[in-house]
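Close look at the chain arrangement
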Amino acid sequence: MFARRGRYFNAPDLTARFSRFVWYVPRSWDPPLNAIESANVALIDRFESGAGAAPSGFIFPDSDRRLLTPADLRRLSRDELRIARNEIFARRGRYFDSADLKAYFARFPWYAPNSWNPKLNAIEEANIALIDQAGKR
């Protein structure tokens, strides 16, 4: 992802690897990433740190059954909060207008869009409210 966005690399092996491709044109030490790329980088970071993620791809696989806490959300970036919030809706089959959310959730076999306004249970509604509040920090 970083190479595609034109990142310079300190590691000579990475520079050599990506320099073989005509599309690799380094322009920045810190290129901007879109929301999906940022979420993917965060996910990879969690795997590399040993924290991992659920095999289903959910940030919170139990957010339909368990009330989240502020501590659960504290570790998440703004982009990850957006994904965590929308995975609650995606689990219930929500269609998305946003191309990046459509693409993100389409990767998962469990995602089957069927409604613009799916019914959420009380726990999901409370978790959406908490995530919305955390996103304003």
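Located above this text is the structure these notes cover.
The written sequence of each chain sets the order in which its residues are numbered from 1. Two thresholds apply to this predicted model, a pLDDT of at least 70 for residue-level local features and 80 or more for giving and counting side-chain atom pairs, whereas whole-chain, interface and lining totals are computed over all residues. Based on all heavy atoms of the structure, the side-chain values leave hydrogens and waters out of the count.

**Digging into the pattern of salt bridges**
- Salt bridges are defined as contacts in which a side-chain nitrogen from Lys or Arg sits within 4 Å of a carboxyl oxygen from Asp or Glu. Following the criterion strictly, the structure yields 7 salt bridges and no others.
- A salt bridge links R5 to E37, with the nearest nitrogen and oxygen atoms 3.0 Å apart. A residue pair is termed long-range when its members are at least 10 positions apart, and R5 in the segment before α1 (12-19) and E37 in helix α2 (residues 35-48) qualify at 32 residues.
- E37 gets classed as buried once you look at its relative accessible area, which sits at 11%. Under the DSSP-based scheme used, a helix requires at least four consecutive residues in state H or I and a strand at least two consecutive residues in state E, with every element numbered from the N terminus. For each residue, the accessible area found with a 1.4 Å probe, counting protein chains only, is set against the maximum for its type, and the residue is called buried under 20%, exposed over 50%, and partly exposed in between.

**Overview of the packing of helix α4 (residues 78-91) against helix α5 (residues 99-106)**
- Running from N to C, α4 and α5 point in directions that differ by 65 degrees, and their axes come no closer than 11 Å. Classified by the angle their axes make, α4 and α5 are roughly perpendicular. Along this stretch, α4 crosses α5, giving a crossing that reads as right-handed. Contacts between α4 and α5 involve R82, I83, N86, E87 and A90 from the first element and D100, L101, Y104 and F105 from the second.
- By residue class, the composition of the contact of α4 with α5 is 5 nonpolar, 1 polar and 3 charged. Axis geometry follows a simple rule: fit a line to the C-alpha atoms, using only the stretch in contact for helices, then measure angles between N-to-C directions, giving values from 0 to 180 degrees. If an angle is under 35 degrees, it is roughly parallel; if it is over 145, roughly antiparallel; if it lies from 65 to 115, roughly perpendicular; otherwise it is oblique. Each crossing gets its hand from how the near helix is turned against the far one by less than a right angle, where anticlockwise is left-handed and clockwise is right-handed. Contact between two residues is taken to exist if any of their heavy atoms lie within 4.5 Å; hydrogens are not considered. For this classification, Asp, Glu, Lys and Arg are treated as charged, while Ala, Val, Leu, Ile, Met, Phe, Trp, Tyr, Cys and Pro are nonpolar and the rest, including Gly, are polar.

**Some details on a nonpolar patch on the surface**
- On the surface, F21, V22 and W23 cluster together into a nonpolar patch covering about 330 Å² of accessible area.
- Mapped onto the elements of the fold, F21 is located in the loop between α1 and α2.
- Its relative accessible area of 32% is what places F21 among the partly exposed residues. Within this analysis, patches are made of residues with over 30% relative accessible area and no salt bridge. Like charges are joined at 9 Å or less; nonpolar side chains (Val, Leu, Ile, Met, Phe, Trp, Tyr) at 5 Å or less. Surface accessibility follows the Shrake-Rupley procedure with a 1.4 Å probe radius. Residue values consider only the protein chains on display as shielding.

**Side note on the packing of aromatic side chains**
- Note on aromatic pairs: the rings of Phe, Tyr and Trp (six-membered ring only in Trp) are paired at centre separations within 6.5 Å, and the planes decide the class, stacked below 30 degrees, edge-to-face beyond 60, tilted for the rest. For the structure on display, the rule yields 16 aromatic pairs.
- Between the aromatic rings of Y104 and F108, the centroid separation amounts to 5.6 Å while the plane-to-plane angle is 70 degrees, which identifies the pairing as edge-to-face.
- On the accessibility criterion, F108 (12% relative accessible area) is buried.
- A ring pair is formed by F105 and Y111, whose centres lie 6.0 Å apart and whose planes are at 45 degrees; its orientation type is tilted.

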